[in-house]
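Below, each chain spelled out in residue letters.
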Amino acid sequence: MSNTLGADTATGRQSQGTPGVGGAAESASPASLRAAARRRGRAKMRLEIALLSGPAIIVFLAFVIFPVALAAFYGFYRWHGYGAPTDWVGLNNYKLILTDPAFQQVLWHNGLILVLSLVIQGPLAITLALLLNQKIRGRSIIRVLMFVPYVISEVIVGTGWSLMLQSSGAVNDLLQHMGLGFLQAEWLSNPKLAIWTLMGIISWKYIGFAVILMLAGLQSIPEELSEAAQIDGASYWQIQRRITLPLLGPTIRIWAFLSIIGSLQLFDLVYIIWGPYVAGTAGTSTMAIYMVAQGRNAGNYGYGSAIAVVMFLISLVVALIYQRFVLRRDLRGAVTEGAA
C-alpha cells in the first residue's frame, strides 16, 4: 500500500510538473510566432520595394548610368562614330577641353546665364506670386496665361522668337510703326545684345513655372500668422519680409536648384535660335552647344563624349555643393520628420 501511495505521489508530482513545462512552451510560442511574422513582413516589404522601384532603377541604369559610362569610355579614344574605337588617346581629350579657350568661353556663358536667371526670374516670380495670391478678379486666367509659355515646346518658342527678332522681323517692324525706330537693333547677331535677348526669352518661357511654384509655397503658409501680425500693427511689407519670405525659403531654394541645373544644361533654345556656329559669334554658345559643334558636327565623337562627361561632372559637383550647403536644412527636416 505504501509503495502504491508513493508511486501515486511521484506520479502526481510529475503530472503537476508537466503543465509547467507545457506552459513555458506555450509562453515561448507567441514570441516565436511574432518573430516569424516580422520576418515575413520584412520579406514582403522588400519584395514590394523591389517590384515598385525595380522598373525605375532599370530605366535609370539604362538611360542615365550606362550612357554616362559609355561616354566616359569613348572619351579616351579618337572615335568618328562608327566601328569599334581603337585610337586610344588617354586623357588628351579631357586636357584639350580644359585648355581650349572656346570651352572656357562657353563655360563663362553658362555661368552668366545661371546668375542672370536667378537674379531676374527669382525676384520677378516672387513679386508676381504675391500679387496673384491676392483675391483679385481674373487671377485664375492670369495664372493660366502666365503658365502657357512653359508648356509650349522649345522648338515652337525658339522658331517663333527667331522669326520675330530678325532684322526685318515683327519686333523691329513694330518699333518702326510706333515711332521708335531708333530702338531697332540686331537682337540676335549683336554680341552685346544677344545674351540679353536670350535671357529675355528664357525669362518669358520659364517665369510661369517659377510663379506657380511660388504660389504653391504661399498656399502652405498659414493665414493666421499674417492676421496675427496685422493685429500687432505690422505693415504689408513687414509681413512679407518677416513672415512670408522666411517661410517661402524652402520653395525658393528648390526653384533655385532647378534653375541652376537647367542653366548648366541649356541647349535647345540656343540651338534653335542661333545654331551651333552663330551662337559662338553672337556670344550665346553654351557647353551643350560646344559639345554638339565639336563632337557630332565635327565628326569627333570621342571628343564630344569627353565634353559630355565634363558637363556631367560639373553639374554633379554643383548639385552636391548646393545640396550640402543650401538644401541641408530642408533635407535634415525632411529626414527628421520621416524618422519621427
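Preceding this section is the structure that the text describes.
As a starting point, this report considers the structure included with it. As the structure is a prediction and not an experimental result, all values here were calculated from the model. Numbering of residues begins from 1 in every chain and follows the order in which that chain's sequence is written. Only residues with pLDDT of at least 70 get local features here, since the model is predicted, and only at 80 or more are side-chain atom pairs given and counted; chain-wide, interface and lining totals rely on the full set of residues. Here the side-chain values reflect all heavy atoms present in the structure, with hydrogen atoms and water set aside.

## As for the overall build of the chain
Elements are defined by DSSP. Helices are runs of H or I of four residues or more, strands are runs of E of two residues or more, and each kind is numbered from the N terminus. A count of helices and strands for the chain gives 15 helices and zero strands. Residues classed as buried in the chain amount to 32% of the 340 residues present. Contacts were defined at the residue level, with two residues in contact if any of their heavy atoms lie within 4.5 Å. For the chain, long-range pairs separated by at least 24 residues make up 66% of all intrachain contacts whose partners lie at least 6 apart in sequence. Computed with a 1.4 Å probe, the accessible areas rest on the Shrake-Rupley method; for each residue, only the protein chains presented here act as cover. Surface accessibility of the chain: about 20900 Å² in total, with carbon and sulfur atoms responsible for 67%. Three exposure classes are used, based on accessible area relative to the maximum for each residue type with a 1.4 Å probe and protein chains only: buried under 20%, partly exposed in between, and exposed over 50%.

## With respect to the nonpolar core
Grouping buried Ala, Val, Leu, Ile, Met, Phe, Trp, Tyr and Cys residues that are joined through side-chain atoms within 4.5 Å yields what is termed a nonpolar core. Core analysis: the largest hydrophobic core is formed by 35 residues, its most contacted members being Ile97, Phe103, Val211, Met214 and Leu218. At the level of secondary structure, the elements contributing two or more residues to this core comprise helix H2 (92-99), helix H3 (101-132), helix H7 (191-219), helix H10 (249-264), helix H13 (287-294) and helix H14 (301-325). When residues in this core are grouped by element, the largest group, eight residues, is from H3. If sequence neighbours within four positions are ignored, Phe103 has contacts with Ile97, Met287, Tyr290, Val310 and Ile314. Membership of the second largest hydrophobic core comes to 19 residues, among which are Leu198, Ile201, Trp274 and Ile289.

## Considering a positive patch on the surface
A residue counts toward a patch only above 30% relative accessible area and without a salt bridge, and it is joined to like-charged neighbours within 9 Å or, for Val, Leu, Ile, Met, Phe, Trp and Tyr, to nonpolar neighbours within 5 Å. Here a salt bridge means any side-chain nitrogen of Lys or Arg lying within 4 Å of a carboxyl oxygen belonging to Asp or Glu. As used throughout, the charge tally considers Lys and Arg to be positive and Asp and Glu to be negative, leaving His and the chain termini uncounted. Each charge is placed at NZ for Lys, CZ for Arg, CG for Asp and CD for Glu. A contiguous patch of positive charge, built from Arg34, Arg38, Arg39, Arg40, Arg42 and Arg46, is present on the exposed surface. Here Arg34 is to be found in helix H1 (residues 2-74).

## Brief notes about helix H5 (residues 154-164)
For an α-helix the count is 3.6 residues per turn, leaving residues at separations of three or four pointing the same way. Of the residues making up H5, those classed as buried are Val157, Gly158 and Ser162. Along the axis of H5, the buried residues cluster in a sector spanning 120°; they form a single face. Pointing more than 90 degrees away from the buried face of H5 are the exposed residues Ile156 and Leu163. Against the buried residues of H5 lie helix H4 (139-151), H7 and helix H11 (268-273). Directions pointing from the helix axis toward each C-beta atom define the arc.

## Section: the layout of surface pockets
Approximately 600 Å³ is the volume found for the largest pocket. For each structure, a 1 Å grid was placed over the protein atoms alone; sets of points admitting a 1.4 Å probe that cannot get out are labelled cavities, open sets with protein on both sides within 12 Å along at least five of seven lines are labelled pockets, and lining residues have an atom within 4 Å of a point. What lines the largest pocket is a set of 18 residues, among which Asn133, Gln134, Ile221, Glu223 and Ser226 lie closest to the centre. Those elements giving two or more residues to the lining of the largest pocket turn out to be H4, H7, helix H8 (223-231) and helix H9 (236-247). As a working rule, the residues Ala, Val, Leu, Ile, Met, Phe, Trp, Tyr, Cys and Pro are called nonpolar, Asp, Glu, Lys and Arg charged, and the rest polar, with Gly in that last group. For the lining of the largest pocket, the per-class residue count stands at six nonpolar, seven polar and five charged. Grid points are joined across faces, edges and corners, and a volume is the space filled by probe spheres set on the points.

Taken by themselves, the reported measurements are silent on function.
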